[in-house]
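Commentary on secondary and tertiary structure
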Amino acid sequence: MTDTSTSTPASDTAPTARRLLIVGPPGAGKGTQAARLAEGLGIPAISTGDIFRANVSQSTELGVLAKSYMDKGEYVPDSVTNDMVRDRLAQDDAREGFLLDGYPRTLAQVEALDGMLAELGTALDRVLLLEADDDTVVERLIARGQESGRSDDTEETIRHRLHVYAEQTTPLVEVYEGRGVLRRVDGMASIDEVSAALTAALQG
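Below, the structure is looked at part by part. Worth saying up front: this structure is predicted, and the values here are computed from it rather than measured. (Residues numbered from 1 in each chain as written. Predicted model: local features only at pLDDT ≥ 70, side-chain atom pairs only at ≥ 80, totals over all residues. Heavy atoms only, no water.)

The next point concerns the packing of aromatic side chains. Tallied over the full model, the rule gives 0 aromatic pairs. Just above the ring of Y69 sits the side chain of K72; from NZ or CZ to the centre is 5.5 Å. (Phe/Tyr/Trp six-rings, centres within 6.5 Å; stacked < 30°, edge-to-face > 60°. Lys NZ or Arg CZ within 6 Å of the ring centre and 35° of its normal.)

Structure, rendered in structure tokens:
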């Protein structure tokens, strides 16, 4: 006799999206939300900064190569960054899902990421876009700079960073929106409200 009482799949209650990318302007709370979301899903939050630091500190082949560029004050080439991300996504803890933060930043990196995920037989489930009003972000970052004593958080510097972010991100947003995987979330709500909205964006 077949027992059907426990046949309801776990996916009925669990979020369906587990291979994620989060994007958002400086000051939108992306780091806080990425950490919360990844912990709640039990998946690794993967940022390019963390990958670079790990490779450099462990003196991996890629880390040594990246450091040779950084020591000269040069940008690390996409090819090196892509290889680091490819290596990280292939690790066991990312097999059931991951949350990317800070990569991809360019259309060339989008194409590279597509190839990596295709090699792993998967693709991004969701791209989560934290939206924020520029003036509110400027006020928030200036206040944060004053609290921490950071003199580089001037309005001019912050607005330049926001301009660069918009230039870099707009083409990516258009690509992922065209694929139907982009979800927009108001990043100016309270931390808990943003977390709830992000979690809801993973469903269906």
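Our focus in this paragraph is the pairing of strand β4 (residues 126-131). Counting buried residues along β4, 5 of its 6 residues qualify, which places the element largely inside the surrounding structure. With 4 bridges connecting them, strand β1 (residues 19-23) and β4 associate as parallel partners. Pairing of L21 across the sheet is with V127, part of β4. Inspection of the sheet shows β4 paired to strand β5 (residues 182-186) by 5 bridges, in the parallel sense. The partner of V127 across the bridge, within β5, is L182. (Buried < 20%, exposed > 50% of the residue type's maximum accessible area, 1.4 Å probe, protein only. Helix = DSSP H or I, 4+ residues; strand = E, 2+ residues; numbered from the N terminus. Pairing = 2+ DSSP bridges.)

Once that is clear, we can look at the sheet that holds strand β3 (residues 98-101). Reading across from one edge, β2-β3-β1-β4-β5 is the order of the 5 strands in this open sheet, with parallel pairing throughout. Each having just a single partner strand, β2 (45-47) and β5 make up the two edges of the open sheet. Between one strand axis and the next, the sheet turns by 25° as a mean value, whatever way the strands run. The sheet contact formed by β1 and β3 spans 4 bridges and is parallel. Pairing of L20 across the sheet is with L99, part of β3. Sitting on the sheet, helix α1 (residues 30-41) is in contact with β1, β2, β3 and β4, with an inclination near 165° to β1. (Axes fitted to C-alpha atoms, helices over the stretch in contact; angles between N-to-C directions. Contact = heavy atoms within 4.5 Å.)

Nothing here speaks to function; it is geometry throughout.
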